Amino acid sequence: MSQAPTDTATLGIIFVLVGVFCISINDMLIKQLSGGYPLHQIVFARSFIGILFSLILVQLEGGWRILYTRRPGIHVVRGLLIVISNMTFFLALAALPLADATALFFAAPLFITLLSIPILGEKVGPLRLGAVVFGFVGVIVMQRPWEGAGNIGAARIVLLLPVAAALTYALTQLLTRKLGVESKASALAVYIQGMFIVVSAGFFLVAGDGRFALGSSNPSVQFLLRAWVWPDQNDLWVFVGLGLNAAIIGYCLSQAYRVADAATVAPFEYVGLPLAVFWGFFIFAELPVFEVWIGITMILSSGVFVFLRERYKTRAAKPIRGRIKGR
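Fair warning: this is a prediction, and the values are worked out from it, not measured in the lab.

Analysis parameters
- Counting of residues starts from 1 at the beginning of each chain's written sequence and follows it residue by residue.
- Thresholds applied to this predicted model are a pLDDT of at least 70 for local features of residues and 80 or more for the giving and counting of side-chain atom pairs; totals over whole chains, interfaces and linings are not thresholded and use all residues.
- Each side-chain value is derived from all of the structure's non-hydrogen atoms; neither hydrogens nor water enter the calculation.
- For the purposes of this entry, the term helix denotes a DSSP run of H or I that reaches at least four residues, the term strand denotes a run of E that reaches at least two, and both are numbered from the N terminus.
- Relative accessibility thresholds used throughout: buried, under 20% of the residue-type maximum; exposed, over 50%; partly exposed, between the two (1.4 Å probe, protein chains only).
- The contact criterion used is simple: two residues touch if any of their non-hydrogen atoms lie within 4.5 Å.
- Residue burial considers only the protein chains on display, and all accessible areas are found by Shrake-Rupley using a 1.4 Å probe.
- What a helix should span is 1.5 Å times the count of its residues minus one.
- Residues adjacent in sequence count toward polar contacts only when both atoms are side-chain atoms; beyond that, a polar contact is any pair of N or O atoms within 3.5 Å, and within protein one must be able to donate a hydrogen and the other to accept it.
- Ring pairs shown here join Phe, Tyr and Trp side chains whose ring centres sit within 6.5 Å, with only the six-membered ring taken for Trp; geometry is labelled stacked below 30 degrees between planes, edge-to-face above 60, and tilted in between.
- Distance and angle both matter: a charge sits over a ring if NZ of Lys or CZ of Arg is within 6 Å of the ring centre and within 35 degrees of the ring normal.
- Salt bridges are counted wherever a side-chain nitrogen of Lys or Arg sits within 4 Å of a carboxyl oxygen of Asp or Glu.
- To define a nonpolar core, start from buried Ala, Val, Leu, Ile, Met, Phe, Trp, Tyr and Cys residues and group those joined through side-chain atoms within 4.5 Å.
- Lines are fitted to the C-alpha atoms to define the axes, a helix being fitted only along its stretch in contact, and any angle between axes, read from their N-to-C directions, falls within 0 to 180 degrees.
- Working rule for angles: under 35 degrees goes down as roughly parallel, over 145 as roughly antiparallel, 65 to 115 as roughly perpendicular, anything else as oblique.
- By the definition used in this description, the sense in which the near helix is turned from the far one sets the handedness, with an anticlockwise turn below a right angle giving left-handed and a clockwise turn giving right-handed.
- Only Asp, Glu, Lys and Arg are considered charged, only Ala, Val, Leu, Ile, Met, Phe, Trp, Tyr, Cys and Pro nonpolar, and every remaining residue, Gly among them, polar.

**Brief notes about the overall build of the chain**
Secondary structure summary: the chain contains 14 helices and zero strands in total. Going from N to C terminus, the chain has its helices and strands arranged as α-α-α-α-α-α-α-α-α-α-α-α-α-α. With 327 residues in all, the chain has 53% of them scored as buried. A sequence separation of at least 24 residues applies to 85% of the contacts in the chain between residues at least 6 apart. Accessible surface for the chain amounts to roughly 14800 Å². Of this, 71% is attributable to carbon and sulfur atoms.

**Side note on unusual backbone geometry**
Positive phi outside glycine occurs at Ala-285, with the angle close to 55 degrees. Within the fold, Ala-285 resides in the loop between helix 13 (272-284) and helix 14 (290-324). For Ala-285, a relative accessible area of 67% gives the class exposed.

**Overview of the environment of Phe-48**
Mapping Phe-48 onto the fold places it in helix 2 (residues 39-61). Sequence separation between Phe-48 and Phe-196 is 148 residues, and the spatial gap between their C-alpha atoms is 8.6 Å.

**Some points on helix 11 (residues 233-259)**
Each α-helix turn comprises 3.6 residues. Residues three or four places apart therefore point the same way. Helix length check: helix 11 (27 residues) gives 40 Å between terminal C-alpha atoms against 39 Å at 1.5 Å per residue, within 8%. N-capping of helix 11 is provided by Asp-232, with a side-chain oxygen placed 2.9 Å from the backbone N of Asn-234.

**As for the packing of aromatic side chains**
Applying the stated criterion across every chain, the model contains 13 aromatic pairs. Between Phe-105 and Phe-106 the ring centres are 6.1 Å apart and the planes differ by 85 degrees, which places this aromatic pair in the edge-to-face class. The pair Phe-105 / Phe-106 is uniform in exposure class, with both members buried. When the ring of Phe-111 is compared with that of Phe-136, the centres are 5.2 Å apart and the planes differ by 65 degrees; the resulting orientation is edge-to-face. With Phe-111 in helix 5 (residues 108-120) and Phe-136 in helix 6 (residues 126-143), this residue pair connects regions lying 25 residues apart in the sequence. Put simply, the rings of Phe-89, Phe-90, Phe-105, Phe-106 and Tyr-169 pair up and form one aromatic cluster. Lying over the aromatic face of Phe-284, Lys-31 brings its terminal NZ or CZ to 5.6 Å of the ring centre. A cation over a ring is seen here: Arg-46 above Phe-196, with NZ or CZ 5.1 Å from the ring centre.

**Observations concerning the pattern of salt bridges**
Counted under the stated rule, the structure contains two salt bridges. With a shortest N-O distance of 3.9 Å, Glu-286 and Lys-31 are connected by a salt bridge. Taken together, the positions of Glu-286 in the loop between helix 13 and helix 14 and Lys-31 in helix 1 (residues 4-33) put the pair 255 residues apart, joining distant regions of the chain. Taking relative accessible area as the criterion, Lys-31 reaches 12% and is therefore assigned buried. Across the pair Asp-209 and Arg-211 runs a salt bridge whose closest N-O atoms are separated by 2.7 Å. With relative accessibility at 49%, the residue Asp-209 sits in the partly exposed group. Its relative accessible area of 43% is what places Arg-211 among the partly exposed residues.

**Let's talk about the nonpolar core**
One finds Leu-39, Ile-42, Phe-105, Ile-112 and Met-142 to be the most contacted residues of the largest nonpolar core, which totals 79 residues. Sequence-distant contacts of Phe-105, that is, excluding residues within four places in its chain, are made with Ser-85, Phe-89, Pro-162, Ala-165, Ala-166 and Tyr-169.

**Description of the packing of helix 4 (residues 98-105) against helix 13**
The contact between helix 4 and helix 13 brings their axes to 8 Å, and the two run at 165 degrees. By the angle between their directions, the pair helix 4 and helix 13 is classed as roughly antiparallel. In terms of crossing hand, the pair formed by helix 4 and helix 13 is right-handed. Across from Leu-98, Ala-99, Thr-102 and Ala-103 in helix 4, the residues of helix 13 making contact are Gly-272, Leu-273, Ala-276, Val-277, Trp-279, Gly-280 and Phe-284. Class assignment of the residues belonging to the contact of helix 4 with helix 13 gives a composition of eight nonpolar, three polar and no charged.

**Thoughts on the packing of helix 3 (residues 72-93) against helix 9 (residues 185-207)**
Interaxial distance between helix 3 and helix 9 falls to 9 Å at its minimum, and their mutual angle equals 60 degrees. With respect to their mutual orientation, helix 3 and helix 9 come out oblique. Considering only the axes of helix 3 and helix 9, their crossing is right-handed. Where helix 3 abuts helix 9, its residues His-75, Val-76, Arg-78, Gly-79, Leu-80, Ile-82, Val-83, Asn-86 and Met-87 lie against Leu-188, Tyr-191, Ile-192, Met-195, Phe-196, Val-199 and Phe-203. Taken together, the residues of the contact of helix 3 with helix 9 sort by class into 12 nonpolar, three polar and one charged.

**So, the side chain of Asp-100**
Structurally, the position occupied by Asp-100 is in helix 4. For Asp-100, a relative accessible area of 10% translates into the label buried. With residues up to four places along the chain from it excluded, the contact list for Asp-100 reads Arg-144, Pro-288 and Val-292.

As structure tokens, then:
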């Protein structure tokens, strides 16, 4: 009995690490495709393939009955939030280096830790709060507010896109924690994939012919609104890989935030930072500038501190539980 909190925390950490690794591959592949396909086409294909894999997981976790929910409204809100998070982040990928966009997105675990206090009622002590503030300073450093847009290489609004994605992602995972009490991870993944399909299909109906992208030279606008095209044969396997990845990501992250406290799981998403640097360098020959390295270091440091603090508290509580149970 006394081991249960530790076991669920470890399980949540494993799931989030797998999910973050798949996210890093997902982001790299979407950046590769961003020059030739519209975002809503990529999202539609990825989600259509992903929902097929997710439905297989539904069968393994209990069958069609687990798709029933008593709170459809919250599922819709959660789905819309993750759609907004993904699309704003992917738009940033079209104009920013992969590591820069990912590093800015990593305000998400900081938002999760902070918002878990009022939304979930979780306890976050002053030391962890201080570490979160330190991490936010790192995000500000990466924004380079002292530089002009010309030196940064992108419009200021583009730099804010990953931060907006981080906030909506944080809200998504906190809702996942609330819904996880009554919903399986595979069902949560299906709801999200379904929302992606609905929204991207709506984009196709409104802007699928590319008329709204005419005359714009902004890479993010082009990525969002260019016309649908039939995928190149060499890219078909990339779309399939994105779909499989989407199913794994949806399941693993939903499961992670179902079984463990948000403030415990969230810091491990920082593993995505070095992964983004790795893919950015080896695939796109990109390396972060000095200020981004400083910001990454600050965010990683805050995450490691939060983790070590949580482990210390868990270990310190074990002897007390043992004495209470007469051990």
